[in-house]
Amino acid sequence: FFQKTLTAVKNWFTLFGWSKGQNPISIPYSLRRDVCKVQMTSSQETVFKQNLGKDTVYDMLFHLSGQLLPGVTSSKSLPLDPVERMLQLHWQHSTLLAFLKSQGAYLPHVMPEFLLEPDDYKKWIKAQTVPKVDVKNSDILSDKHLFILEDSMFETMSKRAWTDVLLQIYKVFVLPRVSSRNITDLFYLESVQKMPRIKSEPLSSNIYSPYERTILTWLNKHYEKNRKTVWKDCQKGEVPPMRWIVNFDRDLLDGLVLAAQLAAYCPYLIATHFVRMYTKPRTPEQFLHNCLILVNAMRAVSLAIDIKV
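What you are looking at is a predicted structure, and each value in this text was computed from that prediction instead of being measured.

## Here's the deal with the nonpolar core
If you look at soluble globular proteins, the nonpolar side chains tend to sit buried side by side.
Here comes step 1: Ranked by internal contacts, the top residues of the largest apolar core, which has 44 residues, are Leu 100, Leu 166 and Ile 169.
Here comes step 2: Broken down by secondary-structure element, the contributors of at least two residues to this core are α1 (2–16), α4 (57–65), α5 (82–102), α6 (118–129) and α7 (151–173).
Here comes step 3: A total of 8 residues in this core trace back to one element, the largest contributor, which is α7.
Here comes step 4: Residues within four places of Ile 169 in sequence aside, it is in contact with Phe 13, Leu 61, Leu 64, Leu 100 and Val 174.

## Digging into the packing of α1 against α7
Here comes step 1: Where α1 meets α7, the axes come as close as 10 Å, and the angle between the chain directions of the two elements is 55°. In terms of their interaxial angle, α1 and α7 are classed as oblique. Crossing of α1 against α7: the hand is left-handed. On α7, the residues touching Phe 2, Thr 5, Leu 6, Val 9, Trp 12 and Phe 13 of α1 are Lys 159, Arg 160, Thr 163, Leu 166, Leu 167, Ile 169 and Tyr 170.
Here comes step 2: For the contact of α1 with α7, the residue count by class is 9 nonpolar, 2 polar and 2 charged.

## Side note on the packing of α4 against α7
Here comes step 1: Interhelical geometry of α4 versus α7 gives an angle of 20° and a closest axis separation of 10 Å. As far as their axial angle goes, α7 and α4 are roughly parallel. The handedness of the crossing between α4 and α7 is right-handed. From α4, Val 57, Met 60, Leu 61, Leu 64 and Ser 65 reach across to α7, where they touch Trp 162, Leu 166, Ile 169 and Phe 173.
Here comes step 2: Residue composition of the contact of α4 with α7, by class: 8 nonpolar, 1 polar and no charged.

## A word on the pattern of salt bridges
Here comes step 1: One pass over the full model with this rule turns up 9 salt bridges.
Here comes step 2: Between Arg 32 and Glu 117 there is a salt bridge, and its shortest N-O distance comes to 3.7 Å. On the criterion of sequence distance, the pair formed by Arg 32 in helix α2 (residues 29–33) and Glu 117 in the loop between α5 and α6 is long-range, its members being 85 residues apart.
Here comes step 3: What makes Arg 32 buried here is its relative accessible area of 5%.
Here comes step 4: Accessibility expressed as a relative area gives 26% for Glu 117, which makes it partly exposed.
Here comes step 5: The salt bridge partner of Arg 243 is Asp 254, with a shortest N-O separation of 2.6 Å. Linking Arg 243 in the loop between α9 (210–230) and α10 (256–265) with Asp 254 in the loop between α9 and α10, this pair joins segments that are 11 residues apart in sequence.
Here comes step 6: A relative accessible area of 22% places Arg 243 in the partly exposed class.
Here comes step 7: Salt bridges sharing partners connect three or more residues here, namely Arg 32, Glu 117 and Glu 155.

## Some thoughts on unusual backbone geometry
Here comes step 1: Residue Pro 28 is reached from Ile 27 by a cis peptide bond, and omega for that bond is 5°.
Here comes step 2: Among the secondary structure elements, Pro 28 is positioned in the loop between α1 and α2.
Here comes step 3: For Ser 302, which is not a glycine, the phi torsion comes out positive at approximately 60°.
Here comes step 4: Judged by relative accessible area, Ser 302 falls into the exposed class, the value being 63%.

Conventions we followed
- Residues numbered from 1 in each chain as written.
- Predicted model: local features only at pLDDT ≥ 70, side-chain atom pairs only at ≥ 80, totals over all residues.
- Heavy atoms only, no water.
- Core = buried A, V, L, I, M, F, W, Y, C linked by side-chain atoms within 4.5 Å.
- Buried < 20%, exposed > 50% of the residue type's maximum accessible area, 1.4 Å probe, protein only.
- Helix = DSSP H or I, 4+ residues; strand = E, 2+ residues; numbered from the N terminus.
- Contact = heavy atoms within 4.5 Å.
- Axes fitted to C-alpha atoms, helices over the stretch in contact; angles between N-to-C directions.
- Parallel < 35°, antiparallel > 145°, perpendicular 65-115°, else oblique.
- Left-handed = near helix turned anticlockwise from the far one by under 90°.
- Nonpolar A, V, L, I, M, F, W, Y, C, P; charged D, E, K, R; others polar.
- Salt bridge = Lys/Arg side-chain N within 4 Å of Asp/Glu carboxyl O.

If you want it as C-alpha cells, here you go:
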C-alpha cells in the first residue's frame, strides 16, 4: 500500500510540481540530494557539480504555494565544512516543516534529521552524542528528541518522511484550489433526495478535509447523474444501482464511478469504451476488465498521468 502511495506521489510531483515542466524525482533520493545549491571551489567542483543547476524542493514549494521560506532560497549556498553544512541543512528542514505546519500540514512524526542524507544523519547523531561545549549551538545539539536508527531503518524512515511531506504539501497547497459551486441542477437535486448529503463543514469529518469532501460531492453528483445514460445500452449488465460514494479507495475499485466522471466531460467515450464495462462486477477479472477500459479511455483523451490498471 505504501509503495503504491509513494509511486502515485512521485508521478504527480514529477508531472505537475515544477514551474519548468516535468522534472523526474525519486523519493527520497533526488529530494535529499538536490535540496540546495552548494558553494564550491575549483578543487571541489567535481564533488558538488551534480547539485548545481537543479530545481530543489524549495523551487517546488514556491511554484505550488507562491510563498518563499523565510531565510531559505533555492540559490542559497551551503558551508563547505561538512558539520556546518549538516547543521545548515537541518535548520532548513526545520524551517520547511515549521512552515508547512503553519499552513495546516500534519507532520508531528517527521523530524528534520529524517530528511537528511544518510551521511549527514550520521553526522547529526554524532553531534548529538558528543559533550555539549558549544553554547551557541546548545539548542540545536539537544538530545531531547534523539532517534538513533540503523542504516536500513533510516532509509525506510526517510522514504516515509519525504512521502508524507509531499502529501501534506499537496493537501495544503493543491487541494484548496478545488472550488465549491452551488448545485443548481434540478435533475441532480431530485435524484439525490433519498441520499445522505456530504457536509462540507470543517468539523463534520475527522478523516477528510472540506476540499476532499467537495471532491466526494462531485463524484456523487456525476455518478448519479450519468449512470443511467452511460450504461443504458451496456453489453455486460444492467444500469448500475445508486450508491453513496464516501471514500477514495473502496468505492472506486470497480472503475464505474471514475468512468461516470470521465463520461460527464467526454460523452463520446461511452459508445467506444464504457458500454463494455461490467456494471455489477463480482470477480477480480471483472474488476480488472473495467479498469483496463477506464485506463484506455484516459489514454484516448491524452490524460497522461501514467496511472497503472
